[in-house]
Amino acid sequence: MYRQLRLCVVIPAFNEEDAILAAIESVPDFVDEIVVVDDASADETCERALTSSRVPVLLRHPVNRGVGAAIVSGYRHALRGESDVAIVMAGDGQMDPADLPALLDPIAEGRADYCKGNRFAHREILIQMPTIRVMGNAALSVATKVTSGYRHVFDSQCGYTAITSAALEQLQLDKVFPRYGYPNDMLAHLFRSNARVVDVPVRPIYGPSWKSGVRWHTAVYPVGFVLLKSWWNRMRSE
Ligand SMILES: Nc1nc2c(ncn2[C@@H]2O[C@H](COP(=O)(O)OP(=O)(O)OP(=O)(O)O)[C@@H](O)[C@H]2O)c(=O)[nH]1
Ligand SMILES: [Mg+2]
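All figures in this text were calculated on a predicted structure; none of them were measured in a lab. (Residues numbered from 1 in each chain as written. Chains lettered and ligands numbered in written order. Predicted model: local features only at pLDDT ≥ 70, side-chain atom pairs only at ≥ 80, totals over all residues. Heavy atoms only, no water.)

Chemist: Looking at this structure, how should I read the overall build of the protein?
Modeler: Along the protein, the regular secondary structure elements total 9 helices and 7 strands. Dimensions of the protein, computed from C-alpha atoms along their principal axes, come out at roughly 50 × 40 × 40 Å. A buried classification covers 52% of the 238 residues belonging to the protein. For the protein, the computed accessible surface area is about 11,200 Å², with 57% contributed by carbon and sulfur atoms. Taken together, the 25 basic and 27 acidic charged side chains of the protein have centroids lying 8 Å from each other. (Helix = DSSP H or I, 4+ residues; strand = E, 2+ residues; numbered from the N terminus. Buried < 20%, exposed > 50% of the residue type's maximum accessible area, 1.4 Å probe, protein only. Areas by Shrake-Rupley, 256 points an atom, 1.4 Å probe, with all protein chains shown as cover. Lys, Arg positive; Asp, Glu negative; His and termini not counted. Charge placed at Lys NZ, Arg CZ, Asp CG, Glu CD.)

Chemist: Can you walk me through the site of ligand 1 in this structure?
Modeler: Of all residues adjacent to ligand 1, which total 20 residues, the nearest are Glu-16, Asp-39, Arg-133, Tyr-180 and Ser-212. Within the contact set of ligand 1, an oxygen atom lies 2.9 Å away from a side-chain nitrogen or oxygen of Trp-210. If ligand 1 stood free it would expose 610 Å²; the protein chains cover 86% of that surface. Here the residues of the shell around ligand 1 are counted per class, giving 9 nonpolar, 6 polar and 5 charged. (Near = heavy atom within 4 Å. Polar contact = N/O pair within 3.5 Å; in protein donor to acceptor, adjacent residues only side chain to side chain. Nonpolar A, V, L, I, M, F, W, Y, C, P; charged D, E, K, R; others polar.)

Chemist: How should I be thinking about the layout of surface pockets in this particular structure?
Modeler: The gaps of empty space that remain are located by a probe, the size of a water molecule, rolled over the atoms. Size it by volume and the second largest pocket reaches roughly 200 Å³. In terms of residue class, the lining of the second largest pocket is built from 4 nonpolar, 4 polar and 4 charged. (1 Å grid on protein atoms, 1.4 Å probe; cavity = no way out; pocket = protein on both sides within 12 Å on 5 of 7 lines; lining within 4 Å. Points joined across faces, edges and corners; volume = space filled by probe spheres on them.)

Chemist: What exactly am I supposed to notice about the pattern of salt bridges here?
Modeler: Any two side chains of opposite charge can pair, so long as their charged atoms come close to each other. Here the structure, examined in full by the defined rule, presents 13 salt bridges. Of the charged contacts, one joins Arg-203 and Glu-124 as a salt bridge, the two residues approaching to 3.9 Å between their closest N and O atoms. Pair noted here: Arg-203 is in the loop between β7 (197–201) and α9 (216–237) and Glu-124 is in the loop between β5 (114–118) and α5 (125–128), with a separation of 79 residues, a long-range link. Arg-203 sits in the partly exposed class, given a relative accessible area of 28%. (Salt bridge = Lys/Arg side-chain N within 4 Å of Asp/Glu carboxyl O.)

Chemist: When you look at the environment of Gly-207 in this model, what are you seeing that I'm missing?
Modeler: Topologically, Gly-207 is positioned in the loop between β7 and α9. Judged by its relative accessible area of 33%, Gly-207 is partly exposed. Linking Gly-207 and Ser-73, residues 134 residues apart in sequence, is a C-alpha distance of 28 Å.

Chemist: Would you explain the coordination of the magnesium ion (ligand 2) in this entry?
Modeler: For a metal bound by four donors in tetrahedral geometry, the ideal donor-metal-donor angle is 109.5 degrees, whereas six donors in octahedral geometry ideally sit at 90 or 180 degrees. Listed as protein donors to the magnesium ion (ligand 2) are Asp-92 (OD) and Gln-94 (OE1); their distances from the metal cover 1.9 to 2.1 Å. In this structure Asp-92 comes out as partly exposed when scored by relative accessible area, which is 25%. (Donors = N, O, S within 2.8 Å, 3.2 Å for Na, K, Ca; no water.)

Chemist: Is there a simple way to explain helix α3 (residues 67–80) in this structure?
Modeler: The end-to-end C-alpha distance of α3, which contains 14 residues, comes to 20 Å, matching closely the 20 Å that a straight helix rising 1.5 Å per residue would cover. Burial runs high along α3: 10 of the 14 residues are buried. If you check which residues of α3 are buried, you get Gly-68, Ala-69, Ala-70, Ile-71, Val-72, Ser-73, Gly-74, Tyr-75, His-77 and Ala-78. (Expected span 1.5 Å × (residues − 1).)

Chemist: Is there a simple way to explain the sheet that holds strand β2 (residues 33–38) in this structure?
Modeler: The pairing of strands in a sheet comes from backbone hydrogen bonds and takes either a parallel or an antiparallel form. The strand order across the open sheet formed by 7 strands is β3-β2-β1-β4-β6-β5-β7, and the pairing between neighbours is mixed. Every interior strand has two partners, whereas the edge strands, β3 (57–60) and β7, have only one. The sheet shows a mean angle of 20° between the axes of neighbouring strands, taken without regard to direction. In this structure, β5 lies alongside β7, joined through 5 bridges in parallel fashion. (Pairing = 2+ DSSP bridges. Axes fitted to C-alpha atoms, helices over the stretch in contact; angles between N-to-C directions.)

Laid out in structure tokens, this is it:
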């Protein structure tokens with residue numbers, strides 16, 4: 001529990017055998033439940049997750065469906081339980097657990113329905129994040145301001161988020177884009193349900209062992225498609 005809120009951390013994981021155990025163990029003790037969603041990994045992600053003393057719930061996709069679909073599976077699990085807030089912390093260990101209270105405070109104080117990390121508001125952004133990522137993420141963040149409708153939100157690609165169960169229940173989760181492009185589409189869906197979104201500074205983490213699934217064909221084209229789709233939907237609804 002954190003400030004009277006019951007918490008469920010959702011950890012999407014795809015071929016994260018090297019990082020998953022540390023990611024699970026790093027979740028702060030005040031979190032009530034941890035759900036690892038294995039997205040049909042071909043390595044030992046599941047086996048290693050189950051060795052954790054934190055006893056996570058393990059959900060498994062029989063075939064790979066993408067990071068967005070993995071998060072949605074975790075959200076559905078959180079909604080079936082008694083959680084007040086569902087948090088996403090990726091299985092690759094790129095989220096600093098020390099930032100979690102700051103992410104939860106706007107929700108605990110009733111100021112936000114969805115609170116997300118903003119690595120650009122952290123002083124280590126230019127030291128930690130590779131230049132190509134800084135440029136790409138900044139461009140996508142500007143585009144997402146227009147397509148989602150949230151003009152005050154930046155760092156659209158940051159996956160470190162917390163959402164209330166009440167806000168989750170307002171969303172059509174089966175309609176949210178399942179792969180990369182998910183966070184951009186999620187913002188567009190939240191805007192349509194009038195959710196209050198708040199950005200808080202979080203530490204960017206790109207250590208020496210950083211590996212990423214982001215490729216032109218898996219990320220750049222799908223995100224472009226999602227942006228166009230959400231912009232078109234918003235224009236039609238105005
Ligand atoms: N690549 C990839 N990751 C997935 C998938 N399903 C779940 N994930 C998990 O989603 C999280 C984010 O994936 P990354 O590829 O690191 O993407 P990212 O962290 O947003 O981007 P980077 O800044 O490039 O690291 C990780 O915990 C993955 O294990 C999938 O189908 N593909
Ligand atoms: Mg990553």
